[in-house]
Amino acid sequence: MRDILPPSSAVWNQVEAAARRTFARFNYREIRTPVLEETALFARGVGEETDIVSKEMYTFEDRDGSSLTLRPENTASVLRAYIEHRLDQQPGLQKLYYMGPMFRRERPQKGRYRQFYQIGAEAIGSDSPAIDAEVIELVVAILHEVGIRDFELLINSVGSKESRSRYNDALRAELKEVAPRMCEDCQRRAETNPLRVLDCKNPQDQPIIEQLPSILDFLDENDRDHFRRVREFLDDRHIAYTVKPRLVRGLDYYARTTFEITHGALGAQNAILGGGRYDGLAEMLGSKVAAPGIGFSIGEDRLVMTVEEQETVRPRPLDLYIAPMGDAALRHCAVLAGDIRNLDVSVEIGTERKLKRMLELANKLEARYTLIVGDNEIVTQSYTLKDMASAQQETLTRQALLDRLRNIH
Ligand code: HAM
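One numbering rule holds for all chains: residues counted from 1, following each sequence as written. The predicted origin of the model limits local features to residues at a pLDDT of at least 70 and limits the giving and counting of side-chain atom pairs to 80 or more, whereas totals for whole chains, interfaces and linings rest on all residues. Values reported for side chains reflect all heavy atoms of the structure, with hydrogen atoms and water molecules removed beforehand.

Engineer: What exactly am I supposed to notice about the domain arrangement of the protein here?
Structural biologist: Accessible area lost upon the coming together of the parts serves often as the stated size of an interface. For the protein, the assigned domains are domain 1 (8-160 + 220-310) and domain 2 (320-406). Distance from the C-alpha centre of domain 1 to the C-alpha centre of domain 2: 48 Å. Delimitation of the domains relies on an automatic or database domain assignment.

Right under this line is the structure:
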């Protein structure tokens, strides 16, 4: 878990603002769920055999004996809220977005933290492939809005429950032979949940995994048609993608479409985001009505890292540094600064005794303008504004100063 400090925090805010603008254009509204949920929600929703549930959750017993967990992801929570508040009775699809911290006890490394942040969205209430494509279009639009270009979109279909169960049987049969040569986790998964073998990261197991059957050969007619239509909708939008049959994703709730976006700048942890369809999840969590859905979560830590590497976002600099000379000037400047801040101009007032120190500081803070205020300025109510880049000075009345600063952005 780490601290996020300035100037990086400004990039975080800009990324979040860009995401909110994009969500609004696609008619998504915000949902905020608690960071703590009952453990059973994730065990059932995400799946007992997944890495997340079996070894990465922060779980503790509350004083009343109930088991609580810091959310490792938010899709299960959003579905819980959807069911609890009967959002199925609202008109149309529920298109919800969220941003906030998630918690997984993973081995920390660059791009992987135990408290990390996600910006995500869920569209609940339709199984139309048009929604799959729109959700992917939305996430691509967010990346464009924050200025990220060179990413790769990977898509796959993991089929419906029935196709997946046939695929699981085929995998299990195949793994009987090869699993003894694989890592311990894979040997266990080969029995309990063979699909999970496909997201094993162990390099030695990769050649064996490459040889396993492809899920795409097990899709039934309906799944295949659904996947074909998703791709058609993406082609219509000129959204480039690669079909990657091994992309099964690390959570059990997926059905049909799954996707990830990777970026070269990220190194080993190169997935900026992941998502997919989860028809059947709502029913598994107790919904009486079917609520098919699809969504994604962007790893905000990784998104910010990519933006910082590309340097597409510049933090807003300090607009004005005011250097008051003496106590009377300090009082005067405090009021003047208030009027200037009301113009949406950022102002810093110096508190050092020596003018030289204050001007040095103004330089270091990269202030666009400085204003030196002494007794003379207070009496005459006229000020000398210095443009730090050009070193040009202007002498202005109080009103002229405000008018001048009003238009600096
Ligand atoms: P996920 O693939 O587990 O999916 O996580 C999504 C993204 O969160 C990853 O691609 C990665 O960028 C980021 N992420 C995950 N773990 C960490 C970590 N330890 N440190 C930093 N970043 C991390 C989900 O969470 C699903 N809820 C996505 C979804 C939404 N599917 C449908 N709707």
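Engineer: Got a minute to help me understand the pattern of salt bridges in this structure?
Structural biologist: Pairing is possible between side chains that carry opposite charge, provided their charged atoms lie close to one another. The term salt bridge refers to a side-chain nitrogen of Lys or Arg lying within 4 Å of a carboxyl oxygen of Asp or Glu. Inspection of the entire model under this criterion finds 33 salt bridges. Residue Asp-225 is joined to Arg-228 by a salt bridge in which the shortest nitrogen-to-oxygen separation is 2.5 Å. In this pair, Asp-225 and Arg-228 are both assigned in helix H9 (residues 221-236), 3 residues apart and thus about one turn of the helix distant. Here Arg-404 ties to Glu-394 by a salt bridge, and the two come within 2.9 Å at their closest N and O atoms. Placement of Arg-404 in helix H15 (residues 398-406) and of Glu-394 in strand E16 (residues 393-397) is noted, with a sequence separation of 10 residues between them. Of the residues examined, Arg-404 reaches a relative accessible area of 28% and is grouped as partly exposed. Using a 1.4 Å probe on the protein chains alone, a residue whose accessible area is under 20% of its type maximum counts as buried, one over 50% counts as exposed, and one in between counts as partly exposed. For Glu-394, a relative accessible area of 31% puts it in the partly exposed group. One continuous salt-bridge network, built from bridges that share partners, spans Glu-49, Asp-51, Lys-55, Asp-185, Arg-188 and Arg-189. Think of it this way: any DSSP run of H or I at least four residues long counts as a helix, any run of E at least two long counts as a strand, and we number them from the N terminus.

Engineer: Got a minute to help me understand the nonpolar core in this structure?
Structural biologist: Across soluble globular proteins, nonpolar side chains have a tendency to be buried as a group. By nonpolar core we mean a set of buried residues, namely Ala, Val, Leu, Ile, Met, Phe, Trp, Tyr and Cys, connected to one another through side-chain atoms within 4.5 Å. With 93 residues, the main nonpolar core has Phe-23, Tyr-28, Leu-175, Phe-259, Phe-296 and Ile-298 as its most contacted residues. At 10 residues, the largest contribution of residues to this core is made by helix H5 (residues 129-145).

Engineer: How should I be thinking about helix H4 (residues 75-84) in this particular structure?
Structural biologist: Spacing of three or four residues puts side chains on the same side of an α-helix, whose turn is 3.6 residues. Counting buried residues in H4 gives 9 out of 10 residues, a clear majority hidden from the surface. Three or more residues of H4 are buried, namely Thr-75, Ala-76, Ser-77, Val-78, Leu-79, Arg-80, Ala-81, Tyr-82 and Ile-83. The contact definition used throughout considers only heavy atoms, calling two residues in contact when any of these lie within 4.5 Å. Elements that come into contact with the buried residues of H4 comprise strand E2 (36-38), helix H2 (39-45), strand E5 (94-103), strand E6 (115-124) and helix H10 (281-284). Positive phi shows up at Arg-86, right after H4, with a value of about 50°.

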